[in-house]
Amino acid sequence: MKVLKFGGTSVGSAQRMKGVAELICKEKGNLVVLSAMSGTTNALLEIASYLRNGNPEGATDASRRLEKKYLSHITELYSTKEMQGSAREFIKSTFAFICSLGKEVFGSAEEKALVAQGELMSSRMLADYLIEKGVKAVLLQAPDFLRKDSQGEPDQQYLKEKLPQILKAHKEAEVFITQGFICLGADGRPDNLGRGGSDYSASLFGAAIGASEILIWTDIDGMHNNDPRVVEGTRPVRHLHFEEAAELGYFGAKILHPTCVLPAKFANIPVRLLNTMDPSAQGTVINNESDPGTIKAVAAKDNITAISIKSSRMLLAHGFLRKVFEIFESYKTPIDMITTSEVGVSMSIDDTTQLKGIVQDLRRYGSVSVDSDMCIICVVGDMDWENVGFESRAMDAMRDIPVRMVSYGGSNWNISFLIREEDKERALKSLSKCLFNDAQG
Ligand code: ADP
Ligand code: ASP
Ligand code: MG
């Protein structure tokens, strides 16, 4: 059995859904995981923000606009009057539920129930379309088998017991359809895996059922060697090690959510990134194999803040780093990058909600400086320290760019640079030219 995940753009219109149905029918017996139609999660979050801010009229307006869109998708998607009628009922009751959420308290649980409607609608629409075509499609509700534990992490043991049981119970099924992203919290209320989390769902489901492959269908031909939104002429990378894919996902290559990699890696299930718009394109395969001596790709992560602490007392003082890290830990703020010298430490963070408290506490141990609007550029590939020349090629590409921090040797897979966000485009282009010989100005 395979897991096939289709992202928002792949199911972004009635036409696209029909294309997805065709792809699904090429091979029976698989589990299909869907995102919400593109733009829907953002629209639902906009409705939530109106409700949170006590503006029910704004919420009703936005909700009506979205409902109208869905009603027109339905007219286009189904050919029989019966299916159109029942889909219309379903969409109307979904939006009635959305509007009812604003009537009483509107907290995080209500917001999560609201945002879940995107995946609930797309999955039901596709399942009904397949049924209308005569395919034995079974719609499964992801919250029946995906829930979080008390640490807020997906309960993989529970999933491993539940999901195969549910699949087995439907001997008649030619295809299973379910939702990505959504789950139950440890308290049994609606929850989700965070933005872009459908990739993670697919990988968790794949690991739980021992799938032969996890296919992530999106709107581009696999992972590219640089960010196609910033740099022209990027090329697909045909093979990545799981660690390389995780680094790229984490450092901004939006195509694959970084958490997606772990369950598949541990279960040793290959992940394939494929293009819904061009299904015969080769895409990218991700597995546990490496390609010695190859630089694969470059990615960038924005909105980074650098914090430096300098202390003459640090010289030879053991326990200094522990004190510094404890401050970040007490504010539950993860550190992305770190560099040290004999007199100071520089760190980068992307979550600045606790910045003020962190800086205040750090000042007890030395002088502190902060630089915001920074960006991490991450070069990914086989960066084993015994390989020669790769770091210097990456460094050389950055020769005209002010570099605030460099991190190398933390893993065998990357070298990272912290630069100003305004220099990002220049840096990415120069790296393309120097590392991949892609002509960039
Ligand atoms: P989906 O809706 O299918 O989950 P996403 O929008 O999350 O798709 O991700 C696909 C997009 O990621 C692509 O359209 C592309 O613009 C962007 N992207 C960013 N970096 C990369 C990269 N290195 N390779 C390929 N795509 C990338
Ligand atoms: N629909 C969710 C989002 O837009 C999850 C996903 O598409 O992966 O973030
Ligand atoms: Mg995505």
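This text follows the structure it describes.
Definitions and limits used
- Note that residues are indexed from 1 along each chain, following the sequence as it is written.
- Here chains are named by letter from A upward and ligands by number from 1 upward, in the order in which they appear as written.
- Confidence filtering applies because this is a predicted model: local features only for residues at pLDDT of at least 70, side-chain atom pairs given and counted only at 80 or more, and all residues used for totals across whole chains, interfaces and linings.
- Calculated side-chain values reflect all of the structure's heavy atoms, with hydrogen atoms and water omitted.
- Numbering goes from the N terminus for both helices and strands, where a helix is a DSSP run of H or I of at least four residues and a strand is a run of E of at least two.
- In this description the radius of gyration comes from C-alpha coordinates, and the expected globular size is given by 2.2 Å times residues to the power 0.38.
- Each residue's exposure class comes from its accessible area (1.4 Å probe, protein chains only) as a fraction of the maximum for that residue type: buried when under 20%, exposed when over 50%, partly exposed otherwise.
- The criterion used for residue contact is that any of the two residues' heavy atoms lie within 4.5 Å.
- Computed with the Shrake-Rupley method and a 1.4 Å probe, the accessible areas treat only the protein chains shown as cover for residues.
- Residues counted as positive are Lys and Arg, residues counted as negative are Asp and Glu, and His and the chain ends are not counted.
- For this purpose, a charge sits on NZ of Lys, CZ of Arg, CG of Asp or CD of Glu.
- Throughout, near means a residue has at least one heavy atom within 4 Å of the molecule or strand.
- Pairs of N or O atoms within 3.5 Å make up the polar contacts considered here, provided that, within protein, one atom can donate a hydrogen while the other can accept it, and that residues adjacent in sequence are counted only when both atoms are side-chain atoms.
- Cavity means a closed set of points on a 1 Å grid over the protein atoms alone, one where a 1.4 Å probe fits but cannot get out, pocket means an open set with protein on both sides within 12 Å along at least 5 of 7 lines, and lining means a residue has an atom within 4 Å of a point.
- By definition, a pocket or cavity contains a molecule when more than half of the molecule's atoms lie within 2 Å of the pocket's grid points.
- Think of a salt bridge as a Lys or Arg side-chain nitrogen and an Asp or Glu carboxyl oxygen that are within 4 Å of each other.
- For two strands to count as paired, DSSP must find a minimum of two bridges between them.
- Axis definition: a line fitted to C-alpha atoms, over the contacting stretch in the case of helices. Angles run 0 to 180 degrees between N-to-C directions.
- Grid points are joined across faces, edges and corners, and a volume is the space filled by probe spheres set on the points.
- Throughout this entry, Asp, Glu, Lys and Arg are counted as charged residues, while Ala, Val, Leu, Ile, Met, Phe, Trp, Tyr, Cys and Pro are counted as nonpolar. The remaining residues, Gly among them, count as polar.
- Within this scheme, the nonpolar core is defined by two criteria: the residues are buried Ala, Val, Leu, Ile, Met, Phe, Trp, Tyr or Cys, and they are joined through side-chain atoms within 4.5 Å.
- A helix is expected to reach a length of 1.5 Å times the quantity of its residues less one.
- Starting at the helix axis, one direction is taken to each C-beta atom, and the arc is that of these directions.

(A) Focus on the overall build of the protein chain. Regarding its fold elements, the protein chain presents 14 helices and 16 strands. Its C-alpha atoms give the protein chain a radius of gyration of 24 Å, near enough to 22 Å, the size a compact globule of 441 residues would have. Here the C-alpha coordinates of the protein chain stretch approximately 75 × 50 × 45 Å along the principal axes. In the protein chain, which comprises 441 residues, the proportion classed as buried is 52%. Within the protein chain, contacts between residues separated by at least 24 positions form 75% of all contacts whose residues are at least 6 apart in sequence. Total accessible area on the protein chain is roughly 20200 Å²; 49% of this is exposed by carbon and sulfur atoms. If the 51 positive side-chain charges of the protein chain are averaged to one point and the 57 negative ones to another, these points end up 3 Å apart.

(B) Molecular detail of the site of ligand 1. G8, T218, D219, H224 and K254 are the nearest of the 17 residues found near ligand 1. Take D219: an N or O atom from its side chain is 2.8 Å from an oxygen atom of ligand 1. Here an oxygen atom of ligand 1 sits 3.0 Å away from a polar atom, N or O, in the side chain of K254. Within the complex, 86% of the 570 Å² of free accessible area of ligand 1 lies under protein. Most atoms of ligand 1, that is more than half of them, are within 2 Å of grid points of the largest pocket.

(C) Highlighting unusual backbone geometry. One non-glycine residue with positive phi stands out, namely F181, at about 75°. Counting through the fold element by element, F181 comes out in the loop between β4 (175–179) and β5 (182–184). With a relative accessible area of 4%, F181 lands in the buried category. Despite not being glycine, N303 shows a phi value in the positive range, around 55°. Take N303: its relative accessible area is 53%, and that puts it in the exposed class.

(D) Up close: the pattern of salt bridges. Tallied over the full model, the rule gives 26 salt bridges. K2 is the salt-bridge partner of E213, the closest N and O atoms lying 3.6 Å from each other. One end of the pair, E213, is in strand β7 (residues 213–218); the other, K2, is in strand β1 (residues 2–6), and 211 residues separate them in sequence. In terms of burial, E213 and K2 fall into one category: buried. A network of salt bridges, in which partner residues are shared, links K2, E27, E213 and R272.

(E) Molecular detail of the sheet that holds strand β16 (residues 414–420). Overall, antiparallel pairing links the 6 strands, which are arranged β12-β13-β11-β14-β16-β15 in an open sheet. Each end of this open sheet is capped by a strand with a single partner; those strands are β12 (337–340) and β15 (403–408). The average angle at which neighbouring strand axes cross in this sheet is 25°, direction not considered. Bridge count between strand β11 (residues 295–310) and strand β14 (residues 367–381): 12 bridges; the pairing is antiparallel. The partner of I295 across the bridge, within β14, is G381. Against the sheet, helix α14 (residues 424–436) makes contact with β11, β14 and β16, and its axis sits at roughly 135° relative to β11, the strand it touches most.

(F) Region of interest: the layout of surface pockets. Within this model, the largest pocket holds a volume of roughly 1300 Å³. Lining the largest pocket we find 50 residues, and of these G196, R229, K254, I255 and L256 sit closest to its centre. The set of elements that each furnish at least two residues to the lining of the largest pocket consists of α2 (40–52), α8 (198–209), β7, α9 (242–250) and β11. At 7 residues, the largest contribution of residues to the lining of the largest pocket is made by β11. Its residues assigned to classes, the lining of the largest pocket comprises 18 nonpolar, 20 polar and 12 charged. Considering only enclosed or pocket space, the second largest pocket measures out at about 250 Å³ in volume. Y250, K301, P334, D336 and D350 together form the lining of the second largest pocket. Residue composition of the lining of the second largest pocket, grouped by class: 2 nonpolar, no polar and 3 charged.

(G) Inspection of the nonpolar core at higher detail. Ranked by internal contacts, the top residues of the largest apolar core, which has 104 residues, are F6, F205 and L256. Setting aside its immediate chain neighbours within four residues, F6 contacts V11, V20, L23, I24, V32, V33, L34, S35, W217 and T276. Within the second largest apolar cluster, 21 residues are counted, among which are I295, F417, A427 and F436.

(H) Region of interest: helix α4 (residues 81–101). Here α4 spans 30 Å end to end across 21 residues, near enough to the 30 Å set by a 1.5 Å rise per residue. Along α4, the residues classified as buried are M83, Q84, A87, F90, I91, T94, F95, I98 and L101. In an axial view of α4, the angular spread of the buried residues amounts to 130°, which keeps them on one side of the axis. Along α4, exposed side chains directed more than 90 degrees from the buried face belong to K81, E82 and E89. Turning to α4, the residues buried within the fold contact α2, α3 (56–77), α5 (108–115) and α6 (117–132).

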